[in-house]
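Structural characterization, general
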Amino acid sequence: MERPYSGIATHYETPTGYSIIVPAKKHLPIIIIFSLWLVGWIQSIIFFAPTLENFSDNTGGLSFEGIFFIVWLMLSMAAGLFVMKTLMWYLIGKEIITIDREQISIARKNDILFRHKIYDLQEAKKFHVEEEHFEFVFWNQGNSLDIFRNRGTIRFEYGFQTIKFANDMDQAEANHILESLRASGYLTTTNFCRPTNRIV
């Protein structure tokens, strides 16, 4: 008999608010592919970097091949850093959501360049659950960029923007968290209603 799924998040009430910690989901195919790419990238840098001195012309400046190699090296470095950032997120990343009576804050631990965001809870409307299923298929180019997109299952409207968090969470667990927030009083009926249209 299958054991009931206990979910991925840790959520609890504190004296100052309600905390939700959601570890990044471990998409094993992505981790393997990115790890192999990173190994190849490091080896190519080690192999080609010492040859830069061979790309000089008769005047001591860089030849066309040398300039091309430097441009390739810069683009390669940017790609490598991006892959390392993504791989670090999938391996040890965590979403940390904190809600008190006035605001909701969303942070990402071990996600480089992510800016900590804080929202006024009175302006956060229409909290709801919307699960986006994602399956990584290596040979299907149509979904190749989905791995970098926020597929947050818990969502709310903030002005004319939809804010998402709890990435890759199952719908049942997300519903349970929203019900816990409603029962604890951190989210009220106002937070679940549709925002009124503003006429300028």
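Please refer to the structure placed before this passage.
Keep in mind the model is a prediction, meaning the values are calculated, not measured.

Let's shift gears to the overall build of the protein chain. Of the regular secondary structure elements, the protein chain holds four helices and eight strands. Ordered by position from the N terminus, the helices and strands of the protein chain form the series β-β-α-α-β-β-β-β-β-β-α-α. Here the protein chain, with 200 residues, has 34% of them falling under the buried criterion. Taking all contacts inside the protein chain whose residues are at least 6 apart in sequence as the whole, residues at least 24 apart take part in 56%. Surface summary for the protein chain: the accessible area is close to 13100 Å², and the carbon and sulfur share equals 61%.

This part takes up the pairing of strand S7 (residues 152–158). Among the seven residues in S7, six count as buried, and that is most of the element. In terms of strand pairing, strand S6 (residues 124–129) meets S7 through four bridges, oriented antiparallel. Counterpart to Ala 124 in the pairing with S7 is Tyr 158. In the sheet, S7 pairs with strand S8 (residues 161–167) via six bridges, with the strands oriented antiparallel.

Let us look at the nonpolar core. Ranked by size, the top nonpolar core spans 26 residues in total, and within it Ile 104, Phe 127, Phe 165 and Leu 181 carry the most contacts. It is helix H3 (residues 171–184) that provides the largest number of residues to this core, a total of four residues. Not counting residues within four places of it along the chain, the set of residues in contact with Phe 165 comprises Glu 95, Ile 97, Ile 104, Ile 106, Phe 127, Gly 152, Thr 153, Ile 154 and Phe 156. Grouped together as the second largest cluster of nonpolar side chains are nine residues, Ile 31, Phe 34, Trp 41 and Ile 45 included.

Right, let's get into helix H1 (residues 28–48). With 21 residues, H1 extends 30 Å between its outermost C-alpha atoms, agreeing within 8% with the 30 Å of an ideal straight helix rising 1.5 Å per residue. Listed as buried for H1 are Ile 30, Ile 31, Phe 34, Leu 38, Trp 41, Ser 44 and Ile 45. Looking straight down H1, one finds its buried side chains confined to an arc of 155°; they lie on one side. Those residues of H1 that are exposed and angled more than 90 degrees off the buried face are Leu 28, Leu 36, Gln 43, Ile 46 and Phe 47.

What the five strands build is an open sheet, ordered S1-S2-S3-S4-S5; its pairing is antiparallel. The sheet is open, and its two borders are formed by strand S1 (10–14) and strand S5 (117–120), each paired with just one other strand. Across the sheet, the mean angle separating the axes of adjacent strands is 15° when strand polarity is ignored. In this sheet, S5 lies alongside strand S4 (residues 103–109) in antiparallel orientation, the contact comprising four bridges. Paired with Ser 105 across the strands is Ile 118, a residue of S5. Sheet contacts for H3: S1, strand S2 (17–23) and strand S3 (94–99); angle to S2, the most-contacted strand, approximately 170°.

In this structure, Lys 126 is a non-glycine residue whose phi angle is positive, near 55°. Structurally, Lys 126 can be placed in strand S6. Positive phi is not limited to glycine here, since Ala 166 has a value of about 65°. Inspection of the secondary structure puts Ala 166 in strand S8.

With that out of the way, let us pick up the environment of Gly 152. In this structure, Gly 152 sits in strand S7. On the accessibility criterion, Gly 152 (0% relative accessible area) is buried. Taking the C-alpha atoms as reference points, Gly 152 and Phe 165, 13 residues apart in sequence, are found 4.2 Å from one another. Not counting the four nearest positions on each side in its chain, Gly 152 is found in contact with Glu 130, Lys 164, Phe 165, Ala 166 and Asn 167.

The rules behind the values
- Residues numbered from 1 in each chain as written.
- Predicted model: local features only at pLDDT ≥ 70, side-chain atom pairs only at ≥ 80, totals over all residues.
- Heavy atoms only, no water.
- Helix = DSSP H or I, 4+ residues; strand = E, 2+ residues; numbered from the N terminus.
- Buried < 20%, exposed > 50% of the residue type's maximum accessible area, 1.4 Å probe, protein only.
- Contact = heavy atoms within 4.5 Å.
- Areas by Shrake-Rupley, 256 points an atom, 1.4 Å probe, with all protein chains shown as cover.
- Pairing = 2+ DSSP bridges.
- Core = buried A, V, L, I, M, F, W, Y, C linked by side-chain atoms within 4.5 Å.
- Expected span 1.5 Å × (residues − 1).
- Arc of directions from axis to C-beta.
- Axes fitted to C-alpha atoms, helices over the stretch in contact; angles between N-to-C directions.

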